[in-house]
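Understanding the architecture of this molecule
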Amino acid sequence: REELDRRYDPLDRLVEAIRSEGYLTQAELRRRRTPEAQLGRQDEISVAIGRHGDVLYRDGAHRLAIAKLVGTPLLPVEVEVRHAEWMAFRREIEEYAVAHGGRVPQPLPHPDLDEIPAAECCETRARTVIESLPAQCTVLDLAPGWGYFCQRLEREGFSCTGLEPSPDAAHFLAKLRRACNRSFAIAPRDRLETPPDDRKVFDAGLLLSDGLNTSARTSPAQVLAALASLTVRQLLVEPEAFAGRAAVAGDARSGSAGFLEAL
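In every chain, residue numbers begin from 1 and rise along the written sequence. Totals for whole chains, interfaces and linings use all residues, but because this is a predicted model, local features are given only for residues with pLDDT of at least 70 and pairs of side-chain atoms are given and counted only at 80 or more. Hydrogens and water are ignored here; the side-chain numbers use all heavy atoms of the structure.

As a further point, take the side chain of Gln-106. Secondary-structure assignment places Gln-106 in the loop between α4 (84-99) and α5 (123-132). The classification of residues rests on relative accessible area computed with a 1.4 Å probe and restricted to protein chains. Under 20% of the type maximum is buried, over 50% is exposed, and intermediate values are partly exposed. Judged by its relative accessible area of 1%, Gln-106 falls in the buried class. N or O atoms closer than or at 3.5 Å make up a polar contact, with two conditions inside protein: a donor-capable atom paired with an acceptor-capable one, and, for residues adjacent in sequence, both atoms drawn from side chains. A distance of 3.0 Å separates a polar side-chain atom of Gln-106 from the backbone nitrogen of Trp-146. Here a residue-residue contact requires only that any non-hydrogen atoms of the pair lie within 4.5 Å. Leave out the neighbours within four places in its chain, and Gln-106 touches Ala-118, Cys-122, Pro-144, Gly-145, Trp-146, Gly-147, Tyr-148, Phe-149, Ser-209 and Asp-210. Helix and strand assignments come from DSSP, with helices taken as H or I runs of at least 4 residues and strands as E runs of at least 2, each series counted from the N terminus.

What follows is about the packing of aromatic side chains. Think of it this way: a Phe, Tyr or Trp ring, Trp meaning its six-membered ring, pairs with another when their centres are within 6.5 Å, and the plane angle makes it stacked under 30 degrees, edge-to-face over 60, tilted otherwise. Inspection of the entire model under this criterion finds six aromatic pairs. Judged by centre distance (5.9 Å) and plane angle (70 degrees), the ring pair of Tyr-96 and Phe-172 falls under edge-to-face. Placement of the pair is Tyr-96 in helix α4 and Phe-172 in helix α7 (residues 167-179), with a sequence separation of 76 residues. A single burial state applies to Tyr-96 and to Phe-172, both of which are buried. Relative to Phe-172, the ring of Trp-146 has its centre 4.1 Å away and its plane inclined at 20 degrees; by these criteria the two rings are stacked. Residue Trp-146 is located in the loop between β4 (138-141) and α6 (148-155), and its partner Phe-172 is located in helix α7; the two are separated by 26 residues in the primary sequence. An aromatic cluster is present here, built from Trp-86, Phe-89, Tyr-96, Trp-146 and Phe-172 joined pairwise through their rings.

Take the environment of Val-77 next. Its place among the elements puts Val-77 in strand β3 (residues 77-82). Using a relative accessible area of 40% as the deciding quantity, one classes Val-77 as partly exposed. Every residue in contact with Val-77, bar those within four places of it in the chain, is listed here: Glu-44, Ile-45 and Val-47.

Pasting the structure below:
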């Protein structure tokens, strides 16, 4: 009995500390010189990253179980090992960022990628979009880029489809969808033609800046062609994303005003 008390008294204190103060990193515990900092290995919960980006538990059972018990939503973890295929994808992202001023187009909502700088600040716009849409409606992202808004909207309970971007962007879009365990659809641009009676209907469409270079973005003409083959009841448009670009080839009306008129 005494041996069990010695073993479990520190864990009881750990439960109460996490419940009252939140989950503290090992470094924070050592700075505070708390008894919990003396428990076992001086590291965090450790994980591995699988070939597709899945986060796989490795070590730290007590802390993980206690955090679940008290309802802690986010935890600091140490990545101990990454699958070679995931590392290859990380290198692709790094090479893209190096070639584009050190940034990727949009924030990457994966815990092993989310510190990479992004060209677009999307959080405020995402909240605005979410507040503007009816709950659980169907959404078509006409310029999804690497899929940030599809990811966010799906997380909030919306049914999302992204219109397939340029081949390079589509590669990252699909890979990040799998890495974040999302299921939003990706609609191929070259197979949208359907009879009027069979058209896919969306409650809302998004036209927001995707952070891609001009040459890689979905063009206004492609957007208009897609809208001619689909039914979209409401559009949320960021005109600045298409500033300086003609709505259709040979049209002298360039910029957001001409595009809005074409829409």
